[in-house]
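# Results of the structural survey
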Amino acid sequence: MTAAATVSNFYYGAVTPIAAYLMACFGAALGLRCTTRSLRGARRGRKAGWLALGAVSIGCGIWTMHFVGMIGFNVQGALVSYDPARTLLSLAVAIVVVAVGVFLVGYRGAAPLNLGMAGTITGLGVAAMHYLGMAAMHTHGTLRYSAPTVALSVLIAVVAATAALWAAVSVHGLWSSLGASLVMGVAVTGMHYTGMAAVSVDLDGSTATGQSSVGLLSFLLFMLAGPLTVLLIAAVIVMFDPDMMLGDDERERPVSGARGAHRATAEPAEPGVPGVPGESAERASW
């Protein structure tokens, strides 16, 4: 005999959605800066490395957002646990699909057709990560999904992924990137909670215990430790790269660039009397 359970996504109040949003913003900001750096480092053979780091940062940020949000998920009257293998598989899916999108736009540009294809692949992959993570969850009951709400969450994922990929190759200034990451955080977190709104649980009546929050919290924090470490390492790389924290305005100033180029070409041609055009030619004629 089954009975509908009371489901909540805010077991700890506003703490988990705010933390989830911040993690999504953090991963997005790192990914945008890494993609910007890949465009600058293309001539030095570093493009693929920076794109890969950007994909890992965005993927880890999305996955971390999802499972921070899941810390606040509660099924009244039932224990909740997660299968470690499926949980880690969902992390791999997040990183791989983001990498596909980032490399497509990183090498082929943000033309509408290419951007649409990359955004669709990445968005569907992000949705797959979300629902694979949900499939890793075990409880004393059956999970049911509202098809229209699921479809809406997938649409949000595709739109959010497309916007994120466009921003990755189009927004290069530091403050612009930070602003774009805040918007991306809203979109990604909105996709997560839309998907969670589609969930309902029918208990099978085999248990009457309450939520064991300590065990679940310990497991999720353990699983989050790896991706959080990766994000911190990526942040250190971004912060200590000599060029990374500068936007295009600071990097490409026409006055200083033109002056430096003039000096580089003019000074060697006039070693005798710098700054006096024609002097070397006159001395040669003497």
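Refer to the structure above for everything that follows.
Residues numbered from 1 in each chain as written. Predicted model: local features only at pLDDT ≥ 70, side-chain atom pairs only at ≥ 80, totals over all residues. Heavy atoms only, no water.

## Some thoughts on the sheet that holds strand 1 (residues 3-4)
The strand order across the open sheet built from three strands is 1-7-6, with neighbouring strands paired in antiparallel fashion. Each of the sheet's edge strands pairs with one partner strand only, and the pair in question is strand 1 and strand 6 (141-145). Relative to strand 7 (residues 199-203), strand 6 runs antiparallel, the two sharing five bridges. From the neighbouring strand, Thr142 faces strand 7, where its bridge partner is Asp202. (Pairing = 2+ DSSP bridges. Helix = DSSP H or I, 4+ residues; strand = E, 2+ residues; numbered from the N terminus.)

## A word on a nonpolar patch on the surface
Among the surface-exposed residues, Val96, Val100, Met117 and Ile121 lie close enough to one another that they form a single nonpolar patch of about 310 Å² accessible area. Secondary-structure elements contributing two or more residues to the nonpolar patch are helix 3 (84-108) and helix 4 (112-135). Summarising the element assignment, Ile121 is placed in helix 4. Ile121 gets classed as partly exposed once you look at its relative accessible area, which sits at 35%. (Patch = residues over 30% accessible without salt bridge, like charges linked within 9 Å, V, L, I, M, F, W, Y side chains within 5 Å. Areas by Shrake-Rupley, 256 points an atom, 1.4 Å probe, with all protein chains shown as cover. Salt bridge = Lys/Arg side-chain N within 4 Å of Asp/Glu carboxyl O. Buried < 20%, exposed > 50% of the residue type's maximum accessible area, 1.4 Å probe, protein only.)

## Notes on the environment of His66
Mapped onto the elements of the fold, His66 is located in helix 2 (residues 47-71). As for His66 and Val188, which are separated by 122 residues in sequence, their C-alpha atoms are 9.1 Å apart. A polar side-chain atom of His66 sits 3.1 Å from a polar atom in the side chain of His192. (Polar contact = N/O pair within 3.5 Å; in protein donor to acceptor, adjacent residues only side chain to side chain.)

## Brief notes about the packing of aromatic side chains
One pass over the full model with this rule turns up seven aromatic pairs. Pairing Trp63 with Phe67 gives two aromatic rings, centres 4.7 Å apart and planes at 45°, and the pair type is tilted. Taken together, the residues span about one helical turn, with Trp63 and Phe67 both in helix 2 at a distance of four residues. A residue is classified by how much of its surface remains accessible, and Trp63, at 0% relative accessible area, is buried. (Phe/Tyr/Trp six-rings, centres within 6.5 Å; stacked < 30°, edge-to-face > 60°.)

## Examining the packing of helix 5 (residues 147-170) against helix 6 (residues 174-197)
Viewed as axis vectors pointing N to C, helix 5 and helix 6 meet at an angle of 165°, and their least axial separation amounts to 8 Å. One element, helix 5, and the other, helix 6, form an angle in the roughly antiparallel class. The way helix 5 lies across helix 6 gives a crossing that is left-handed. Here helix 5 contributes Thr149, Leu152, Ser153, Ile156, Ala157, Ala160, Ala164 and Ala167 to the contact with helix 6, which in turn contributes Ala180, Met184, Ala187, Met191, Thr194, Gly195 and Ala197. Of the residues belonging to the contact of helix 5 with helix 6, the class tally is 11 nonpolar, four polar and no charged. (Axes fitted to C-alpha atoms, helices over the stretch in contact; angles between N-to-C directions. Parallel < 35°, antiparallel > 145°, perpendicular 65-115°, else oblique. Left-handed = near helix turned anticlockwise from the far one by under 90°. Contact = heavy atoms within 4.5 Å. Nonpolar A, V, L, I, M, F, W, Y, C, P; charged D, E, K, R; others polar.)

## Here's the deal with the side chain of Ser57
For Ser57, the location among the structural elements is in helix 2. Contacts of Ser57, omitting those with residues within four sequence positions, involve Gly27, Leu30, Gly31, Leu231 and Ala234.

## Considerations on the nonpolar core
Membership of the largest hydrophobic core comes to 57 residues, with the highest contact counts inside it found for Ile62, Trp63, Met70, Val75 and Tyr82. Broken down by element, this core gets its largest block of residues, 13 residues, from helix 2. Residues Ala28, Leu32, Ala167 and Ala168 belong to the second largest nonpolar core, which totals eight residues. (Core = buried A, V, L, I, M, F, W, Y, C linked by side-chain atoms within 4.5 Å.)

## Concerning the pattern of salt bridges
Within this structure, the stated rule accounts for one salt bridge. Between Asp202 and Arg144 there is a salt bridge whose closest N-O contact spans 2.6 Å. Of this pair, Asp202 sits in strand 7 while Arg144 sits in strand 6, and the two are 58 residues apart along the sequence. Of the residues examined, Asp202 reaches a relative accessible area of 17% and is grouped as buried. Taking the relative accessible area as the measure of exposure, Arg144 reaches 40% and is therefore partly exposed.

## Brief notes about the packing of helix 2 against helix 3
As a packed pair, helix 2 and helix 3 sit with axes 8 Å apart at the nearest point and diverge in direction by 140°. Taken together, the axis directions place helix 2 and helix 3 in an arrangement best described as oblique. Handedness of the helix 2/helix 3 crossing: right-handed. Contacts between helix 2 and helix 3 pair Lys47, Ala48, Leu51, Ala52, Ala55, Val56, Ile58, Gly59, Cys60, Ile62, Trp63 and Phe67 from the former with Thr87, Ser90, Leu91, Ala94, Ile95, Val98, Ala99, Val102, Phe103, Gly106 and Tyr107 from the latter. When the residues that make up the contact of helix 2 with helix 3 are grouped by side-chain class, the tally is 18 nonpolar, four polar and one charged.

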